[in-house]
Amino acid sequence: QVQLVESGGGLVQAGGSLRLSCAASGRRVTSYTMGWFRQAPGKEREFVVTGRWGGGSTMYADSVKDRFTISTDIAKNTVYLQMNRLKFEDTAAYYCAAGRGVDSRADEYEYWGQGTQVTVSS
């Protein structure tokens, strides 16, 4: 089993920045592909970014490319999502996820965190 716990969400003005953290634990957790997804009220869960422990092999949604950056700290078993130049439409609950051999499809990720809320004021 893999456990994922997100933190770092909050209220921020448009144009500001936040860094989300995902603390991961469990057997062979660093062998999983990691991803960030988000879900706004009344909307479908949306792919944000996927990546691998140790960096590289990243893929970003067009809506966040050049603004968001995923990174990992293997020693701390933590994945980060740095969010810059935030927009009102970035407002959502953000979820960390882990899976094997997956890409941008939410239904292909096996493990999920509880989510952390990001609210961007306009």
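Above this note sits the structure.
All figures in this text were calculated on a predicted structure; none of them were measured in a lab.

> Explanation requested: the environment of Tyr-109 in the structure shown.
For Tyr-109, the location among the structural elements is in the loop between β9 (92–99) and β10 (111–112). Here Tyr-109 falls in the buried class, since its relative accessible area comes to 5%. Sequence separation between Tyr-109 and Gly-99 is ten residues, and the spatial gap between their C-alpha atoms is 4.3 Å. Once residues within four sequence positions are removed from consideration, Tyr-109 is found in contact with Thr-33, Met-34, Gly-35, Phe-37, Thr-50, Ala-97, Ala-98, Gly-99, Val-102 and Asp-103.

> I would appreciate a short explanation of the packing of aromatic side chains in the present structure.
The way to describe two aromatic rings as a pair is by their centre distance and the angle between their planes. All told, the structure shown has six aromatic pairs when counted by the stated rule. Between the aromatic rings of Phe-37 and Trp-112, the centroid separation amounts to 5.1 Å while the plane-to-plane angle is 55°, which identifies the pairing as tilted. Residue Phe-37 is located in strand β4 (residues 33–39), and its partner Trp-112 is located in strand β10; the two are separated by 75 residues in the primary sequence. Taken together, the aromatic side chains of Phe-37, Phe-47, Tyr-95, Tyr-109 and Trp-112 make up a single cluster linked through ring pairs. Here the basic side chain of Arg-45 rests over the ring of Tyr-95, its NZ or CZ set 4.0 Å away from the ring centre. Its end group placed over the ring of Tyr-32, Arg-100 keeps NZ or CZ at 3.9 Å from the ring centre.

> Is there a simple way to think about the sheet that holds strand β8 (residues 78–83) in this case?
The strands making up a sheet are joined through hydrogen bonds of the backbone, oriented either antiparallel or parallel. The four strands lie next to each other as β1-β3-β8-β7, forming an open sheet whose pairing is antiparallel. Two strands close off the open sheet at either side, each with one partner strand: β1 (2–7) and β7 (68–73). Neighbour-to-neighbour, the strand axes of the sheet open up by a mean angle of 20°, direction not taken into account. Across six bridges, the pairing between strand β3 (residues 18–26) and β8 is antiparallel.

> Is there a simple way to think about the pairing of β1 in this case?
Along a regular strand, successive side chains alternate from one face of the sheet to the other. The two faces of β1 differ: Val-2, Leu-4 and Glu-6 on one face are buried, but Gln-3, Val-5 and Ser-7 on the other face are not. Examined bridge by bridge, β1 and β3 share six bridges and lie antiparallel to one another. Within the sheet, the bridge partner assigned to Gln-3 lies in β3 and is Ser-25.

> I would appreciate a short explanation of the pattern of salt bridges in the present structure.
Oppositely charged side chains may form a pair once their charged atoms are brought near each other. Taken as a whole and assessed by the stated rule, the structure comprises six salt bridges. Among the salt bridges present, the one from Asp-107 reaches Arg-105, with a minimum N-O distance of 3.0 Å. A salt bridge links Arg-105 to Glu-108; its shortest N-O distance comes to 3.3 Å. Relative accessible area serves as the criterion here: at 44%, Arg-105 is assigned to the partly exposed category. Residue Glu-108 is classed as partly exposed on the basis of its relative accessible area, which comes to 35%. Through salt bridges with shared partners, a single ionic network connects Arg-38, Glu-46, Arg-67 and Asp-90.

Rules and cut-offs
- Position numbers for residues count from 1 along each chain, tracking the sequence in the order it is written.
- Only residues with pLDDT of at least 70 are given local features in this predicted model, and only at 80 or more are side-chain atom pairs given and counted; all residues enter the totals for whole chains, interfaces and linings.
- Values reported for side chains reflect all heavy atoms of the structure, with hydrogen atoms and water molecules removed beforehand.
- Secondary structure is summarised from DSSP: a helix means a run of H or I of at least four residues, a strand means a run of E of at least two, and numbering begins at the N terminus for each.
- A simple rule labels every residue: compare its accessible area, found with a 1.4 Å probe on the protein chains alone, to the largest value its type can have, and call it buried under 20%, exposed over 50%, or partly exposed in between.
- Contacts: residue pairs with any heavy atoms within 4.5 Å of one another.
- Ring geometry is summarised as follows: Phe, Tyr and Trp rings, the Trp one being its six-membered ring, pair when their centres sit within 6.5 Å, and such pairs are stacked at plane angles under 30 degrees, edge-to-face over 60 and tilted between the two.
- Here, a charge over a ring is recorded when the distance from Lys NZ or Arg CZ to the ring centre is within 6 Å and its angle to the ring normal is within 35 degrees.
- Two strands are said to pair when DSSP picks up at least two bridges between them.
- For helices, the fitted axis covers only the stretch in contact; all axes are lines through C-alpha atoms, and the angles between them, taken along N-to-C directions, range from 0 to 180 degrees.
- The working definition used for a salt bridge is a side-chain nitrogen of Lys or Arg within 4 Å of a carboxyl oxygen of Asp or Glu.

Purely geometric numbers; function is a separate question.
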